[in-house]
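What the coordinates show
The primary structure of each chain is shown beneath.
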Amino acid sequence: MLCCFAASGFSLNAETRTCEGSPITGDLTLAKQWDNCRGIIKNVDNVGGTYEGGFVRGRFHGQGKFTSKSNVIYEGQFQNGLRHGAGKVSTPTFSASGNWLKGKPHGKATEIFKDGSKFSGIYKNGKRNGPGRLDFSGGGFFEGLFKDGRASSGFMAYRNGDTYEGELSPKG
C-alpha cells in the first residue's frame, strides 16, 4: 500500500522502517526525532491515548490510527499532527466518515448515531455548512441547507406525515 503526500513532497509506504525506539510510552521526547518512519506511542501526552502510524519530523503524518482514553477512535490520514484527508471516527455514541482539513471535518461526510439517526452532507470548518440530509431515528427527515452547524432552510417531513418547507428559526 502506497500513500503519497505531494503537498509535502513526502511519500510513505507500508514497508517504511520502524521508528527507532518504537513503541514508546508517555515521554514524547524520542518521537520528536522520528522522521519518515512508522511508530507507536502509548499514553500520548500522558493522557492515555495511543497512536500507531506514520511520522514526519516528529508529528503524526500519513496513514494512522489514534485511540483516545475514552475510546474515541480516528483512523485515516494525518498531516503535521492533525487529522487531514480521508478518515473515519467512531465514539460510543456515533460514527462518521469523510474528509478533514487541518483537524476539522471539511467536505462531504456521513454520520450515523447510536439511536439510528443519520446525517449526510457538507462540512466547512468543522460545522455542517451547505446541502445535507438528516434522517431522524423515529421517522421523518430534514433535507436542505445547513449554516454554522444548524438547519437553516429546506424541507421537513415529520413521522406523522406532516411536512414543512421554508426557512427555519435561527435556533434550527
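Residues numbered from 1 in each chain as written. Predicted model: local features only at pLDDT ≥ 70, side-chain atom pairs only at ≥ 80, totals over all residues. Heavy atoms only, no water.

Predicted confidence across the protein chain gives a mean pLDDT of 86, with 88% of residues reaching 70 or more. When the criterion is pLDDT under 50, residues 1–15 qualifies, and its contacts beyond four places in sequence or with other chains add up to 29 contacts. (pLDDT = per-residue confidence, 0-100. Contact = heavy atoms within 4.5 Å.)

All right, on to unusual backbone geometry then. The residue after Ser22, namely Pro23, is reached through a cis peptide bond having omega 0°. Secondary-structure assignment places Pro23 in the loop between strand S2 (10–13) and strand S3 (24–25). Phi is positive for Asn36, which is not a glycine, with a value near 55°. The class of Asn36 is partly exposed, set by a relative accessible area of 33%. If you check the backbone angles, Asp148 has positive phi at about 50° while not being a glycine. (Helix = DSSP H or I, 4+ residues; strand = E, 2+ residues; numbered from the N terminus. Buried < 20%, exposed > 50% of the residue type's maximum accessible area, 1.4 Å probe, protein only.)

Next up on the list: the pairing of strand S6 (residues 59–67). Two strands pair when backbone bridges link them, and strand S5 (residues 49–56) and S6 are joined in this way by six bridges, in the antiparallel orientation. Bridged to Tyr51 within S6 is Phe66. If you look at the hairpin formed by S5 and S6, you'll find two residues sitting between the two strands, and Arg57 has a positive phi there, around 50°. Sheet analysis places S6 next to strand S7 (residues 73–79), joined by six bridges and oriented antiparallel. (Pairing = 2+ DSSP bridges.)

Considering all chains together, one arrives at three salt bridges under this definition. In this structure, Glu111 and Arg128 form a salt bridge, with 2.8 Å as the shortest nitrogen-oxygen distance. Taken as a pair, Glu111 in strand S10 (residues 104–113) and Arg128 in strand S12 (residues 127–135) lie far apart in primary sequence, 17 residues in all. With a relative accessible area of 14%, Arg128 lands in the buried category. Of the charged contacts, one joins Arg133 and Asp135 as a salt bridge, the two residues approaching to 2.9 Å between their closest N and O atoms. Look at the salt bridges and you will find they share partners, linking Arg133, Asp135 and Glu143 into a network. (Salt bridge = Lys/Arg side-chain N within 4 Å of Asp/Glu carboxyl O.)

With that settled, consider the packing of aromatic side chains. Each aromatic ring pair is characterised by the separation of its centres together with the angle its planes make. Following the criterion strictly, the structure yields 13 aromatic pairs and no others. Geometrically, the ring pair formed by Tyr74 and Phe78 is edge-to-face, given 5.1 Å between the ring centres and 90° between the ring planes. Residue Tyr74 is classed as buried on the basis of its relative accessible area of 1%. Given a relative accessible area of 4%, Phe78 falls into the buried group. Both rings, one in Phe119 and one in Tyr123, keep their centres 6.0 Å apart while their planes meet at 85°; by these two values the pair is edge-to-face. (Phe/Tyr/Trp six-rings, centres within 6.5 Å; stacked < 30°, edge-to-face > 60°.)

Ranked by size, the top nonpolar core spans 16 residues in total, and within it Trp34, Ile41, Tyr51, Phe55 and Phe60 carry the most contacts. For this core, the secondary structure elements donating two or more residues are strand S4 (37–44), S5, S7 and strand S9 (94–101). In terms of residue count, S4 provides more of this core than any other element does, three residues in total. Discounting chain neighbours no more than four positions away, the residues touching Phe55 are Cys19, Trp34, Asp35, Asn36, Cys37, Gly39, Ile41, Phe60 and His61. Judged by nonpolar contacts, the second largest core, of eight residues, contains Phe119, Leu134, Phe142 and Phe146. (Core = buried A, V, L, I, M, F, W, Y, C linked by side-chain atoms within 4.5 Å.)

Attention now moves to the side chain of His61. Positionally, His61 belongs in strand S6. A polar contact of 3.1 Å, which involves the side chain of His61, links it to the backbone nitrogen of Asn80. (Polar contact = N/O pair within 3.5 Å; in protein donor to acceptor, adjacent residues only side chain to side chain.)

Moving on, we get to the pairing of S9. Two faces make up the sheet, and in a regular strand the side chains alternate between them. Bridging between strand S8 (residues 82–90) and S9 involves six bridges; their strand directions are antiparallel. Its bridge partner being in S9, Gly85 is matched across the sheet by Trp100. Connecting S8 to the next strand, S9, in antiparallel fashion are three residues. Pairing between S9 and S10: seven bridges, direction antiparallel. Within S10, the position partnered with Phe94 by the bridge is Phe113. Connecting the antiparallel pair S9 and S10 is a turn made up of two residues, with Lys102 showing a positive phi of about 50°.

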